[in-house]
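Structural overview for review
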Amino acid sequence: RPHTGKLLQTRYINDSSLVKDAYDYVIVGGGTSGLTVADRLTEDDKVTVLVIENGPLPDSDSVTEVRGGFGGFSSPYFYRIQSSPQPELHNASYPVLVGNAVGGSSAVNAMMTVRGTSEDYDRWGQLFRGGGSGRASPWGWDGLLPYFRKALTFTEPDPAVRDAVNITYDASYWGNTSGVFAGWPSYQYPGLVPQIEAFRDIPGVEFPPDSGAGRAGVYWQPSFMDPSKVQRSYARTGHYDGINRTSYDLAYNSKVTKINIEDLKATGVDFQTTVKNATQLRTVKAVKEVVLAAGAVHTPQLLQLSGVGPKKQLDEAGIYTLVDLPGVGQNFQDHPMLGVAIVLRNFTVHPDPMDLIRNRNFSDWAKEMWAKNRTGPYSLGIGNVAAWLGMPVISPERHETIASKLEAQDHAAYLPPDTDPTVIAGYKAQMNALATSMRSPNTAFYSLSLYGSNVPAGSTVFLHPLSRGSVRLNASAPQSSEPIVDYRTLSNPLDLEILAEFVRFTRTYHFNTSLAAYAPEELMPGPDVTSDSDLAAYIRRSLSPSEYHPSGTAAMLPRELGGVVDEALKVYGVRGLRVVDASVMPTLPGANTCQTVYAIAEKAADLIKGDA
Ligand SMILES: Cc1cc2nc3c(=O)[nH]c(=O)nc-3n(C[C@H](O)[C@H](O)[C@H](O)COP(=O)(O)OP(=O)(O)OC[C@H]3O[C@@H](n4cnc5c(N)ncnc54)[C@H](O)[C@@H]3O)c2cc1C
């Protein structure tokens, strides 16, 4: 057999002949959620699990390095997918970034570790309870908080850095039992302090005690970083490497092509492994369950390829429909980003991030600190402080009007004409829930990360967009091509009105607070761009549809609301099949998605164990 002893020892498999015929659970996708669930299930040594991962096993500093956070678009560990042209954005097409490696998107993300507010998760429960209290739901804030705690091991920041810039946190919102770490860099820029303080001049802005408190406001958040190694901490390091269990196999460079479903029960999967340009085809059986963890772009693709999805679309692709489930691939959501650039001409707080380039003494010191003991500015990722604010704070004057307009909309008009009535009903329920959230200060719609330089802020992020996109098979080559990803950005025109309020609020933050003393000057969109129509034109030119948080395409919703999975994450109409990844989020959380994915996966593992 063409394998090496080394591979057997580490239990990473890249030769499918080493895969056994059957496992208790077959997990599709060795990413953030897949490895978390696999680790937890194999804590019982009688349980056998195979994880099948399409991507390679990276051995690269580009994955582990924390410096700067997001490593750019050119990583070899992304799928190569371009969105369909976006009609509301001058028909531009955008890269759809998702990780393609052991560790999935957790291996390539920007390492910001945040969770949404309590209302974000209570809303999930409400959608199952006709708008009633979501708090009582297993997926409400109270139901999820134990899993947020379980998902990460929190470590405290260095006291000197903490005191220098007033980092606040409350460890009671965190846990210490996971192999995935939430850590802190050993350096922060001093300019962050006045930039945080300026928010005190804005009515309604709160300063919650911790990023994990479930409350909107301005707060510090850790990074997905192993503080002792000062390296990325992710699903692979936390839930696979170093875990010595012979019951836990991981086949990489291996693509699942189909879920096998017999008599409406998932019995296993077909997959192909690429070894030295040769392709091996295999089938493996799942004695108990097949668990989908392929992410929000590929999980719906795989369901559709296996005959579970909207019948009309499957017919077009020549795929026999086993279960007509109209919600599969619908309800696609991501966080759009809009640049607003305002420079503070008199801001002279140093060192600042530009000094790494401009100031020789500072950059020499930074290099020395890093070389000596991995401390200093090079231990900083994308940043650790941001504002997460609700619409009553962002737009005290207009939010009520926008919420009322949302309730009065003919919601079907903003989905494609052939949308199934159940999916429309789900969209309406979501929009009504979001109209309520728009009136609450504790659902963050807007976020702005701070960097401590004379251009204080990054892009504004739209945390609860109203537009919904889709992921569907490419009917001309369903098996061999990537799915068609359509963000449908700005398809609900109220999104434009909300984004215009974001620009106006970002101006307020720079010009009407203590930052005004630093001589702000607006570079983008520019001081003359003030009317609704000029702002809309700017937004259409500048908006990016994605912060790389694809979600919602196998939504946990009642079936009559276009749902794909129930509250136990089981796919409607098929036994022995669950989804455990970002696809199940019915609405996005008002936060980057990775921490929520870990919490969903931790909870999923308990649900699966409970049924075994
Ligand atoms: C560039 C980037 C930056 C980001 N920054 C942040 C951030 O700073 N903070 C944050 O909280 N979130 C961030 N995110 C989002 C976050 O990382 C994701 O939401 C989360 O990791 C998704 O987890 P998942 O389990 O749903 O999917 P993934 O982790 O993507 O895992 C899916 C896995 O399934 C595999 N797969 C797919 N199809 C198949 C198949 N047919 N057969 C076998 N395997 C398959 C994939 O290769 C992949 O490894 C970022 C994401 C990206 C891409």
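Owing to the predicted nature of the structure, the values given are computational and were not obtained by experimental measurement. (Residues numbered from 1 in each chain as written. Predicted model: local features only at pLDDT ≥ 70, side-chain atom pairs only at ≥ 80, totals over all residues. Heavy atoms only, no water.)

1. Regarding the packing of aromatic side chains
Note the following rule: Each aromatic pair joins two rings of Phe, Tyr and Trp (for Trp, the six-membered one) with centres within 6.5 Å, and gets the label stacked for planes under 30 degrees apart, edge-to-face for over 60, and tilted for any other angle. Comment: elements are numbered from the N terminus, with helices defined as DSSP H or I runs of at least four residues and strands as E runs of at least two.
Per the counting criterion, the structure on display carries 23 aromatic pairs. Their ring planes at 25° and their centres at 5.0 Å tell us that Phe-154 and Trp-174 sit as a pair that is stacked. Here Phe-154 is found in strand E4 (residues 153–154), whereas its partner Trp-174 is found in the loop between helix H6 (159–165) and strand E5 (181–182), with 20 residues between them in sequence. Geometrically, the ring pair formed by Tyr-169 and Trp-184 is tilted, given 6.5 Å between the ring centres and 45° between the ring planes. In this pair, Tyr-169 is assigned in the loop between H6 and E5 and Trp-184 in the loop between E5 and helix H7 (192–197), connecting sequence segments 15 residues apart.

2. Focus: helix H14 (residues 399–408)
Stated precisely, the cut-off is as follows: Buried means the residue's accessible area, taken with a 1.4 Å probe over protein chains only, is under 20% of the maximum for its type, while exposed means over 50%, and partly exposed covers the values in between. Within this analysis, the arc is defined by the directions that extend from the helix axis to the C-beta atoms. Contact between two residues is taken to exist if any of their heavy atoms lie within 4.5 Å; hydrogens are not considered.
Along H14, the residues that are buried comprise His-399, Ile-402, Ala-403 and Leu-406. Within H14, the buried residues cover an arc of 100° as seen down the axis, which keeps them to one side. Where H14 is buried, its residues contact helix H13 (391–394), helix H15 (421–438) and helix H16 (494–511).

3. Here we look at a nonpolar patch on the surface
Spelled out, the test is: For patches, a residue must show more than 30% relative accessible area and have no salt bridge; joins then use 9 Å for like charges and 5 Å for nonpolar side chains, namely Val, Leu, Ile, Met, Phe, Trp and Tyr. Residue burial considers only the protein chains on display, and all accessible areas are found by Shrake-Rupley using a 1.4 Å probe. Each reported salt bridge corresponds to a side-chain nitrogen of Lys or Arg within 4 Å of a carboxyl oxygen of Asp or Glu.
A contiguous nonpolar patch, built from Leu-264, Tyr-320 and Leu-322 and spanning about 320 Å² of accessible area, is present on the exposed surface. Tracing the sequence through the fold places Leu-264 in the loop between strand E10 (254–262) and strand E11 (265–275).

4. Focus on the confidence of the model for the protein chain
Note the cut-off: A residue's pLDDT is the predictor's confidence in that residue, given on a scale from 0 to 100.
Taken over all residues, the pLDDT of the protein chain has a mean of 95, while the share at 70 or more is 98%. Note on residues 1–10: pLDDT is under 50 here. Beyond four places in sequence and across chains, it has 10 contacts.

5. A closer look at unusual backbone geometry
Note the cis peptide between His-350 and Pro-351, where omega equals -5°. Mapped onto the secondary structure, Pro-351 falls in the loop between strand E16 (341–344) and helix H11 (355–358). Met-524 connects to Pro-525 through a cis peptide bond whose omega is 0°. Tracing the backbone shows Pro-525 in the loop between strand E22 (520–524) and helix H17 (532–542).

6. Considerations on the pattern of salt bridges
Under the criterion given, the structure shown has 31 salt bridges. Between Arg-282 and Asp-21 there is a salt bridge, with the nearest N and O atoms lying 3.5 Å from each other. Of this pair, Arg-282 sits in strand E12 (residues 278–292) while Asp-21 sits in the loop between strand E1 (12–13) and strand E2 (22–28), and the two are 261 residues apart along the sequence. You can call Arg-282 buried: its relative accessible area is 17%. One salt bridge in this structure joins Glu-521 and Arg-345, with 2.6 Å as the shortest N-O distance. Placement of the pair is Glu-521 in strand E22 and Arg-345 in the loop between E16 and H11, with a sequence separation of 176 residues.

7. Some remarks on the packing of helix H4 (residues 118–128) against helix H5 (residues 141–151)
What counts is decided by this rule: Helix axes use the C-alpha atoms of the stretch in contact, all axes being lines fitted to C-alpha atoms, and the angles between their N-to-C directions lie in the range 0 to 180 degrees. Angles below 35 degrees are treated as roughly parallel, those above 145 as roughly antiparallel, those between 65 and 115 as roughly perpendicular, and all remaining angles as oblique. Note that Gly is not counted as nonpolar here; it falls among the polar residues with everything else outside the nonpolar set of Ala, Val, Leu, Ile, Met, Phe, Trp, Tyr, Cys and Pro and the charged set of Asp, Glu, Lys and Arg.
Here H4 crosses H5 at 120°, and the two axes come no closer than 8 Å. Here H4 is positioned oblique relative to H5, judged by the angle of their axes. Side by side, H4 and H5 meet where Ser-118, Tyr-121, Asp-122 and Trp-124 of the first sit next to Trp-141, Leu-144 and Phe-148 of the second. Classifying every residue of the contact of H4 with H5 gives five nonpolar, one polar and one charged.

8. Considerations on the site of the ligand
How we decide: For this purpose, a residue is taken to be near a molecule or strand whenever a single non-hydrogen atom of the residue falls within 4 Å of it. Any pair of nitrogen or oxygen atoms within 3.5 Å is treated as a polar contact; in protein, a donor-acceptor pairing is required on top of that, and neighbouring residues in sequence qualify only through side-chain atoms on both sides.
Around the ligand, the surrounding shell holds 37 residues, and the nearest of these are Thr-32, Ser-33, Glu-53, Tyr-79 and Thr-593. Contact distances for the ligand include 2.9 Å between a nitrogen atom and a backbone N or O atom of Ala-110. Relative to its unbound accessible surface of 1,000 Å², the ligand loses 97% to contact with the protein. When residues in the shell around the ligand are grouped by element, the largest group, three residues, is from E10. Within the shell around the ligand, the residues separate by chemical class into 17 nonpolar, 17 polar and three charged.

9. Observations concerning the environment of Ser-449
For Ser-449, the position within the fold is in strand E18 (residues 444–450). When its relative accessible area of 13% is taken as the criterion, Ser-449 is described as buried. For the pair Ser-449 and Lys-405, spaced 44 residues apart in the sequence, the C-alpha separation amounts to 29 Å.

10. Thoughts on the sheet that holds strand E17 (residues 385–390)
Under the convention used in this document: Strand pairing is assigned whenever DSSP detects at least two bridges linking the two strands.
The five strands lie next to each other as E6-E17-E18-E19-E15, forming an open sheet whose pairing is antiparallel. At either margin of the open sheet sits one strand with a lone partner, and together these are strand E6 (217–220) and strand E15 (337–338). The pairing of E6 with E17 spans four bridges and is classified as antiparallel. Bridge pairing links Val-218 to Ala-387 in E17.

11. Some words on the environment of Met-556
For Met-556, the position within the fold is in the loop between H17 and strand E23 (577–579). Counting along the chain gives 11 residues from Met-556 to Glu-567, while the straight-line C-alpha distance between them is 6.3 Å. Every residue in contact with Met-556, bar those within four places of it in the chain, is listed here: Trp-124, Phe-128, Trp-139, Val-565, Asp-566, Glu-567, Leu-569, Val-584 and Pro-586.

12. Side note on helix H18 (residues 594–611)
Rules: Expected helix span is computed as 1.5 Å times (number of residues minus one).
Here H18 contains 18 residues, and its C-alpha end-to-end distance of 26 Å stays within 8% of the 26 Å for a straight helix at 1.5 Å per residue. Counting buried positions along H18 gives 13 out of 18 residues, so the element sits mostly inside the fold.

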